[in-house]
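# Structural features, examined
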Amino acid sequence: ACCRTAMPRRAATKEGSGGIVDGWSAEWTCGFATMVFVLAFCLSGQVLPRLFVGQCTSQQGMCTAEDCTCASPKIKRELVTQDALPCFQCIDEFCPAVAEGDETCSMSACECEDPTWPRVNIAKEGAAECWQCVHPPLDFTLRAATATTAAA
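Residues numbered from 1 in each chain as written. Predicted model: local features only at pLDDT ≥ 70, side-chain atom pairs only at ≥ 80, totals over all residues. Heavy atoms only, no water.

Right, let's talk about the pairing of strand 3 (residues 75-80) for a bit. Along any regular strand the residues' side chains alternate between the sheet's two faces. The sheet contact formed by strand 3 and strand 4 (residues 86-91) spans six bridges and is antiparallel. Across the sheet, residue Val80 finds its bridge partner in strand 4, namely Pro86. In sequence, strand 3 turns back onto strand 4 through a hairpin of five residues, with Ala84 there showing a positive phi of about 65°. (Pairing = 2+ DSSP bridges. Helix = DSSP H or I, 4+ residues; strand = E, 2+ residues; numbered from the N terminus.)

So, on to the state of the cysteines. All told, the structure shown has six disulfides when counted by the stated rule. Here Cys112 connects covalently by a disulfide to Cys133, the sulfurs 1.9 Å from one another. Given an S-S torsion of about -105°, the disulfide between Cys112 and Cys133 has left-handed geometry. On the criterion of sequence distance, the pair formed by Cys112 in the loop between strand 5 (97-98) and strand 6 (119-121) and Cys133 in strand 7 (residues 131-134) is long-range, its members being 21 residues apart. (Disulfide = S-S within 2.5 Å.)

In strand 7, alternate side chains face the same way, and those of Trp131 and Cys133 on one face and Gln132 and Val134 on the other are all buried. Direction of pairing for strand 5 relative to strand 7: parallel, over a ladder of two bridges. The partner of Ala97 across the bridge, within strand 7, is Cys133. As judged from the three bridges shared by strand 6 and strand 7, these two strands associate in the antiparallel manner. Across the sheet, residue Asn121 finds its bridge partner in strand 7, namely Trp131. (Buried < 20%, exposed > 50% of the residue type's maximum accessible area, 1.4 Å probe, protein only.)

We now examine the pattern of salt bridges. A complete count under the given rule lists two salt bridges for this structure. When the shortest N-O distance is used, the salt bridge between Lys76 and Asp67 registers 3.2 Å. On the basis of relative accessible area, Asp67 is assigned to the exposed category, the value being 54%. Across the pair Lys74 and Asp92 runs a salt bridge whose closest N-O atoms are separated by 3.1 Å. Taken together, the residues Lys74 in the loop between strand 2 (68-69) and strand 3 and Asp92 in the loop between strand 4 and strand 5 connect sequence positions 18 residues apart. A relative accessible area of 30% places Lys74 in the partly exposed class. Look at Asp92 and you get partly exposed, because its relative accessible area is 43%. (Salt bridge = Lys/Arg side-chain N within 4 Å of Asp/Glu carboxyl O.)

So, on to the packing of aromatic side chains. The final tally for this structure, using the stated rule, is zero aromatic pairs. The ring centre of Phe88 lies 4.4 Å from the NZ or CZ of Lys76, which sits over that ring. Taking the ring centre of Trp131 as reference, the NZ or CZ of Arg119 above it sits at 4.0 Å. (Phe/Tyr/Trp six-rings, centres within 6.5 Å; stacked < 30°, edge-to-face > 60°. Lys NZ or Arg CZ within 6 Å of the ring centre and 35° of its normal.)

Residue position: Ala128 is located in the loop between strand 6 and strand 7. For Ala128, a relative accessible area of 49% corresponds to the partly exposed category. As for Ala128 and Ser108, which are separated by 20 residues in sequence, their C-alpha atoms are 9.6 Å apart. Once residues lying within four places of it in the same chain are set aside, the contact partners of Ala128 are Met107 and Ala123. (Contact = heavy atoms within 4.5 Å.)

In structure tokens form, the structure reads like this:
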């Protein structure tokens, strides 16, 4: 009775299963594997760009180079940069596109659908602004080549 023998320890068991539980449970393993999978796709750029689309700019003379959206009342207009890349801008509305001399106009702030067309305020002096986009005149003038321009 002077010496006691140490009893061997046993691993904890789940009640009712009768088995020994070692390591992570299946729920933790599946959760961890799912997190690694989602993180890998987010970092590769396959998931996040589709889930998070930025807001297009509405500043005059500026445009957003990436895919973007506009808030509900605004309209998304596609433009082209100097590098021939597409970019986008949010605008309130498009001005009416008319031929020169037409009196159709918009009283609200608007932009030309084609940015190469001039936006003109046709309001009389002292009256509220009234905007329209005038089709630029086409110049079909033929010019005869001179000897100096023909030689160049």
